[in-house]
Amino acid sequence: MKGAAYLLRLGDDALIAAQRMMQWCTRAPSIEDDVALANIALDLLGQARLLLGRAGELEGAGRDEDALAMRRDEHEFHNVLLVELDNGDFAVSVAKLLCFSLYQRLLYERLSASADAVLAGVAQKAAKETVYHVDYAAGWVVRLGDGTTESAARMLSAVEEIWPYTSELFADDEVSSAAAADGLGIAPSTLREPWSQAVDEVLAEARLPRPPDGWRPAGGRAGAHTEAFGYLVGEMQVLHRAHPGASW
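A brief report on the enclosed structure follows. All of these numbers come straight from a predicted model, not from anything done at the bench.

1. Considerations on the overall build of the protein chain
And step 1. If you tally the helices and strands in the protein chain, you get nine helices and zero strands.
And step 2. Starting at the N terminus and ending at the C terminus, the protein chain contains elements arranged as α-α-α-α-α-α-α-α-α.
And step 3. Rg of the C-alpha trace for the protein chain: 18 Å, near the compact-globule value of 18 Å for 248 residues, within the 12% margin.
And step 4. Reported as C-alpha extents along the three principal axes, the dimensions of the protein chain are approximately 55 × 40 × 30 Å.

If you want it as structure tokens, here you go:
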């Protein structure tokens, strides 16, 4: 059951990140970015489908990926707060994408050796996808941070805004510890150091200072979410809940 809970949280991270990213469709700075962000969102959605599907199999309660994504209430989601935050301006979104994608890349590289063959297969594919996600986000962080006075100020403000929420990515708890002990998952805390080094490299190239660590908001893993999350879930689930059991 804890294996299912571990996969569920990973699927929720990807699902909610995809939903937020999709909100940039037709609103990105250029057509090229519109296509790029849509493709990243589709990658994340594909990861979510596979992870939630496997979580449902391990849970053994008859819930498939659609039921897990569309028939749970807010408090039943276990994604980190970082991915559910409002998009803000473009600088905020690329800062979020950079921090989350670096985490995902390291995570999937490690999970490629998972004792669960299905999860290992998902991770091997996803690890390749996140390389592009990181490159895209890092390119924009550097472009804005090392650009004009205005763009640098916006990029710095964005990094400072989302920084406190990154700590939750690396918090160990009973679910992650059990998954790591079984060889199915890993302890998130083991990713903190390589993630920090990778982020520092991008910030240095962007000529941006690393924000100080301080306030560390959390609760997403336990089902306690931000006010913005309720609106996001409502938008995501409205069609499925209005027409339960519909297919096309």
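2. Looking at the side chain of R221
And step 1. Note that R221 resides in the loop between α8 (192-205) and α9 (227-242).
And step 2. With relative accessibility at 14%, the residue R221 sits in the buried group.
And step 3. Reaching out from R221, the side chain makes a polar contact with the side chain of D13 at a distance of 3.0 Å.
And step 4. Ignoring sequence-local partners within four residues, the contact set of R221 consists of R9, D13, H78, N79, V80, Y103, E168 and D173.

3. Notes on the side chain of R54
And step 1. When you line up the elements, R54 lands in helix α2 (residues 31-59).
And step 2. The buried category is assigned to R54, whose relative accessible area is 17%.
And step 3. Among the polar contacts listed, one links the side chain of R54 to the side chain of E57, at a separation of 2.8 Å.

4. What about the environment of D182?
And step 1. Its location among the elements puts D182 in helix α7 (residues 174-182).
And step 2. The exposure class assigned to D182 is exposed, which follows from its relative accessible area of 59%.
And step 3. Distance in space between the C-alpha atoms of D182 and R110 is 14 Å, their sequence separation being 72 residues.

Parameters and conventions
Residues numbered from 1 in each chain as written. Predicted model: local features only at pLDDT ≥ 70, side-chain atom pairs only at ≥ 80, totals over all residues. Heavy atoms only, no water. Helix = DSSP H or I, 4+ residues; strand = E, 2+ residues; numbered from the N terminus. Rg over C-alpha atoms; globule rule 2.2 N^0.38 Å. Buried < 20%, exposed > 50% of the residue type's maximum accessible area, 1.4 Å probe, protein only. Polar contact = N/O pair within 3.5 Å; in protein donor to acceptor, adjacent residues only side chain to side chain. Contact = heavy atoms within 4.5 Å.

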